[in-house]
Amino acid sequence: MESGDQALQRAIATISQSDPLTKLLEQVKLGRMKPTDAGLRAVTDSWMGTYQKVIESGGLTRQALRRINPHPRVAMLIESGVLTGEQRAVVTLRASFERAVAAAME
């Protein structure tokens, strides 16, 4: 049986593997990539799908879920023009997170 800390570390590692903020968002800020670049969009969509799967996989406490809260990272992507708050993937990820937090144990 996996401990809560192990589950959290696994979740963070999984989400981090496809995180567009670490390298690609810097390219947008430097003007080397446009926020609408197809490659950036593909990486971002994949990352949000991975994030949602991790959140919905269960096994994370409410506190662990709060530590991997997608809202700040999504907000940065919206601010940079890579995403919009109305995009289906954004709305779905936010809703999944809120449902998971509500259902999780303390």
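See above for the structure.
Keep in mind it's a predicted model, so treat the numbers as computed, not measured. Per chain, residues are indexed from 1 in the order of the written sequence. Totals for whole chains, interfaces and linings use all residues, but because this is a predicted model, local features are given only for residues with pLDDT of at least 70 and pairs of side-chain atoms are given and counted only at 80 or more. The basis for every side-chain value is the complete set of heavy atoms in the structure, and neither hydrogens nor water enter the calculation.

**Remarks on the pattern of salt bridges**
Here the idea is simple: oppositely charged side chains can pair when their charged atoms come close.
Then step 1. Whenever a carboxyl oxygen of Asp or Glu lies within 4 Å of a side-chain nitrogen of Lys or Arg, that contact is scored as a salt bridge. Counting across every chain of the model gives 1 salt bridge.
Then step 2. The partner of D19 in a salt bridge is R73, and the shortest N-O contact between them spans 2.3 Å. With a gap of 54 residues between them, D19 in the loop between α1 (4–17) and α2 (24–29) and R73 in helix α5 (residues 71–79) connect regions that are remote in the sequence. Per the convention used, a helix needs a DSSP run of H or I reaching at least four residues, while a strand needs a run of E reaching at least two, with both numbered from the N terminus.

**Points about the side chain of D19**
Then step 1. Assessed through its relative accessible area of 9%, D19 is described here as buried.
Then step 2. Among the polar contacts made by the side chain of D19, one reaches the side chain of R73 at a distance of 2.3 Å. Per-residue accessibility, obtained with a 1.4 Å probe over protein chains only, is compared with the maximum for each type, and a residue is labelled buried under 20%, exposed over 50%, and partly exposed between these values. For the purposes of these results, a polar contact is taken to be a pair of N or O atoms within 3.5 Å, where, inside protein, one atom must be able to donate a hydrogen and its partner to accept one; residues adjacent in sequence count only when each atom of the pair is a side-chain atom.

**Looking at the packing of α1 against helix α3 (residues 38–56)**
Then step 1. Lines are fitted to the C-alpha atoms to define the axes, a helix being fitted only along its stretch in contact, and any angle between axes, read from their N-to-C directions, falls within 0 to 180 degrees. Direction vectors running N to C along α1 and α3 enclose 165 degrees, while the axes themselves pass 8 Å from each other. Put simply, α1 runs roughly antiparallel to α3. Helix-helix and strand crossings are classified by hand; for α1 and α3 the assignment is right-handed. For the pair α1 and α3, contact is made by A11, T14 and I15 and by W47, T50, Y51 and V54, respectively.
Then step 2. Residue composition of the contact of α1 with α3, grouped by class: 5 nonpolar, 2 polar and no charged. We call two directions roughly parallel when the angle between them is under 35 degrees, roughly antiparallel when it is over 145, roughly perpendicular when it lies between 65 and 115, and oblique otherwise. Should the near helix be turned counterclockwise from the far one by less than a right angle, the crossing is left-handed, whereas a clockwise turn marks it as right-handed. Here, residues are in contact when the closest pair of their heavy atoms is within 4.5 Å. Residues are grouped as follows: nonpolar covers Ala, Val, Leu, Ile, Met, Phe, Trp, Tyr, Cys and Pro; charged covers Asp, Glu, Lys and Arg; every other residue, Gly included, is treated as polar.

**Concerning the packing of aromatic side chains**
Then step 1. Whether two aromatic rings pair depends on their centres lying within 6.5 Å, for rings of Phe, Tyr and Trp, where Trp uses its six-membered ring; planes under 30 degrees apart make the pair stacked, over 60 edge-to-face, and the rest tilted. Taken as a whole and assessed by the stated rule, the structure comprises 1 aromatic pair.
Then step 2. For the ring pair W47 and Y51, a centre distance of 5.1 Å and an interplane angle of 85 degrees mean the geometry is edge-to-face. Of the two residues, W47 and Y51 both sit in helix α3, 4 residues apart, roughly one turn of that helix. We note that W47, like Y51, is buried.

Remember, this is a structural readout, not a statement about activity or role.
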